[in-house]
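Chain residues, written in single-letter form:
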Amino acid sequence: MATGLGGLGMIREATQDDAVAIDAFLAEHAASSMFLRSNLASQGVGISDHPHSSRIFLREVEGIVGVFGVTKGGYLMVQMPDLTSDDATAFARSISGSTVLGMTGPTAQVETTLVALGLDNGEFRLNHDEPLYRLELSQMSAQTVDCRPMEPSDVPLLEGWFAQYLTDTNQASADEAKKDEAKKIAPARARSDLETGRVRLLVKEGQAVAMASLNAIVSDHVQVGGVYVPCDMRGRGYGRDVTLGLLQEAKGNGKNVAVLFANNPPAARAYEAIGFEQVGWYRIALLGQPQEIRS
């Protein structure tokens, strides 16, 4: 069913038959569409038992010109370079009654959509713009770095690392209640990453000193996430090295392009040292409490 505003900003919900066309459109904006493409590739179109399964909504003008995603877990995604307030309002009407936890996407697109959703003045635990970086893996630093996969014996250590990572990246605030929340979330995160096998650890003198992982893999593109170095080991280039080792392995597995977001200036400098170049800005907006959309 389509919805819109006086014929403007018409939006329809996609079906699995649209999957190929959706991915072709998103591939044209690959650097800022990795979450949408990854969810589409792994879960298809529509809600299933998986938390990353998504309803997908399309804006079409002689073909797809915009894509919105709503995960089962309540997270929104957007890719529409020419997004208007009418388009965003039509999307908001399409998901009226849904409960959302946050949104990600290119900064300007997220800003416009949050206004249409009535969430622009909401209380966020994180509402942050991060520089979006891209790297052709053939152009990265030639330095060779050896990293190893996460092992079951690493789980206790990484539970602590993940808890601090959530705080450092403002996904959990620094107050004691949120620190406790991060500690509760971290064990499940550590076990999940052990199962996916996407975490790599940098080891020095038998001790793990840094971690990095791939949080999305689509076609020949990968997206780096979860780069962390313990506080007492920072300033030694370990974040750069673990990221480089992770990407060297990805290149060896046939991947050609990497993207990532830089949470802070030191991280940005480390990624630039590898060869990453900024290609835009990406918004990560996480609500303090779930909110029902009323449009």
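None of the values given here were measured: they were computed from a predicted structure. (Residues numbered from 1 in each chain as written. Predicted model: local features only at pLDDT ≥ 70, side-chain atom pairs only at ≥ 80, totals over all residues. Heavy atoms only, no water.)

Student: I would appreciate a short explanation of the overall build of the protein in the present structure.
Tutor: Of regular secondary structure, the protein possesses 8 helices and 13 strands. For 295 residues, the compact-globule estimate of 2.2 N^0.38 gives 19 Å, and the C-alpha radius of gyration of the protein, at 19 Å, lies within 12% of that figure. With the principal axes as the frame, the protein shows a C-alpha extent of 65 × 45 × 35 Å. Counting every position in the protein, which comprises 295 residues, the buried fraction comes to 49%. Taking contacts inside the protein between residues at least 6 apart in sequence as the whole, the part at least 24 apart equals 69%. As displayed, the protein offers around 13700 Å² of accessible surface, 48% of which is attributable to carbon and sulfur atoms. Placing the 26 positive and 36 negative side-chain charges of the protein at their respective mean positions leaves the two points 4 Å apart. (Helix = DSSP H or I, 4+ residues; strand = E, 2+ residues; numbered from the N terminus. Rg over C-alpha atoms; globule rule 2.2 N^0.38 Å. Buried < 20%, exposed > 50% of the residue type's maximum accessible area, 1.4 Å probe, protein only. Contact = heavy atoms within 4.5 Å. Areas by Shrake-Rupley, 256 points an atom, 1.4 Å probe, with all protein chains shown as cover. Lys, Arg positive; Asp, Glu negative; His and termini not counted. Charge placed at Lys NZ, Arg CZ, Asp CG, Glu CD.)

Student: Please explain the environment of valine 224 as it appears in this structure.
Tutor: Along the chain, valine 224 turns up in strand E11 (residues 221-228). A relative accessible area of 4% means that valine 224 is categorised as buried. Distance from valine 224 to valine 115, taken between C-alpha atoms, is 29 Å for residues 109 residues apart in sequence. In contact with valine 224, other than residues within four places in its own chain, are Ser213, Leu214, Asn215, Thr243, Leu246, Leu247, Val259 and Leu260.

Student: Explanation requested: helix H5 (residues 155-168) in the structure shown.
Tutor: For an α-helix, 3.6 residues make a turn, and residues three or four places apart therefore share a direction. In a regular helix each residue adds 1.5 Å, so 14 residues correspond to 20 Å; H5 covers 19 Å between its end C-alpha atoms and thus fits that length. Listed in full, the buried residues belonging to H5 are Val155, Leu158, Trp161, Phe162, Ala163, Tyr165, Leu166 and Thr167. (Expected span 1.5 Å × (residues − 1).)

Student: Before we go on, may I ask you to explain the packing of helix H7 (residues 238-252) against helix H8 (residues 265-274) in this structure?
Tutor: Packed helix pairs are characterised by how far apart their axes lie and by the angle those axes make with each other. Two elements in contact, H7 and H8, have axes whose closest approach is 9 Å; the angle formed by their N-to-C orientations is 45°. When the axis of H7 is compared with that of H8, the two are oblique. H8 is crossed by H7, and the crossing has right-handed handedness. Contact with H7, carried on its side by Arg240, Thr243 and Leu244, involves Ala270, Tyr271, Ala273 and Ile274 of H8 and no other residues of that element. In terms of residue class, the contact of H7 with H8 is made up of 5 nonpolar, 1 polar and 1 charged. (Axes fitted to C-alpha atoms, helices over the stretch in contact; angles between N-to-C directions. Parallel < 35°, antiparallel > 145°, perpendicular 65-115°, else oblique. Left-handed = near helix turned anticlockwise from the far one by under 90°. Nonpolar A, V, L, I, M, F, W, Y, C, P; charged D, E, K, R; others polar.)

Student: Help me understand the domain arrangement of the protein, please; the structure alone is not making it clear to me.
Tutor: Note on interface size: it is often stated as the accessible area lost on association of the parts. Domain assignment breaks the protein into domain 1 (11-131 + 283-293) and domain 2 (147-274). Spacing between the C-alpha centres of domain 1 and domain 2 amounts to 25 Å. Buried surface at the junction of domain 1 and domain 2, both sides included, amounts to about 1400 Å², of which 60% is carbon and sulfur. Taken together, domain 1 and domain 2 are joined by 0 salt bridges. Counting across the interface, domain 1 meets domain 2 through 2 residue pairs in polar contact (both at pLDDT 80 or more). (Domains from an automatic or database assignment. Buried area = accessible area lost by both parts, 1.4 Å probe. Salt bridge = Lys/Arg side-chain N within 4 Å of Asp/Glu carboxyl O. Polar contact = N/O pair within 3.5 Å; in protein donor to acceptor, adjacent residues only side chain to side chain.)

Student: Would you explain the pairing of strand E5 (residues 75-79) in this entry?
Tutor: Side-chain direction in a regular strand flips from residue to residue, so the side chains alternate between the two faces of the sheet. With 4 of its 5 residues buried, E5 lies for the most part within the structure. The sheet contact formed by strand E4 (residues 64-71) and E5 spans 4 bridges and is antiparallel. Each bridged residue has a counterpart across the sheet, and for valine 70 the counterpart in E5 is leucine 76. Of the strand pairs in this sheet, E5 and strand E6 (residues 99-106) are connected by 3 bridges, and their pairing is parallel. Considered in E6, the bridge of methionine 77 is made with threonine 104. With helix H3 (residues 85-94) bridging E5 and its parallel neighbour E6, the resulting β-α-β unit is right-handed. (Pairing = 2+ DSSP bridges. Right-handed = clockwise from strand over helix to strand, strands pointing away.)

Student: Please explain the layout of surface pockets as it appears in this structure.
Tutor: A probe as big as a water molecule, rolled over the atoms, marks out the empty space that is left. In this structure, the second largest pocket spans a volume of roughly 170 Å³. Together, Gly197, Arg198, Arg200, Leu214, Ile217, Val222, Leu246, Glu249, Ala250, Asn253 and Lys255 line the second largest pocket. Elements with a contribution of two residues or more to the lining of the second largest pocket: strand E10 (207-218) and H7. Looking at which element gives the most residues to the lining of the second largest pocket, the answer is H7, with 3 residues. Of the residues assigned to the lining of the second largest pocket, the class counts are 5 nonpolar, 2 polar and 4 charged. (1 Å grid on protein atoms, 1.4 Å probe; cavity = no way out; pocket = protein on both sides within 12 Å on 5 of 7 lines; lining within 4 Å. Points joined across faces, edges and corners; volume = space filled by probe spheres on them.)

Student: Just checking my understanding: could you explain the side chain of glutamate 130 for this structure?
Tutor: Along the chain, glutamate 130 turns up in strand E7 (residues 124-136). Put simply, glutamate 130 is tucked away with no salt bridge, and the nearest opposite charge, on arginine 283, sits 9.6 Å away. Sequence-distant contacts of glutamate 130, that is, excluding residues within four places in its chain, are made with Phe261, Ala262, Asn263, Gly280, Trp281, Tyr282 and Ile284.

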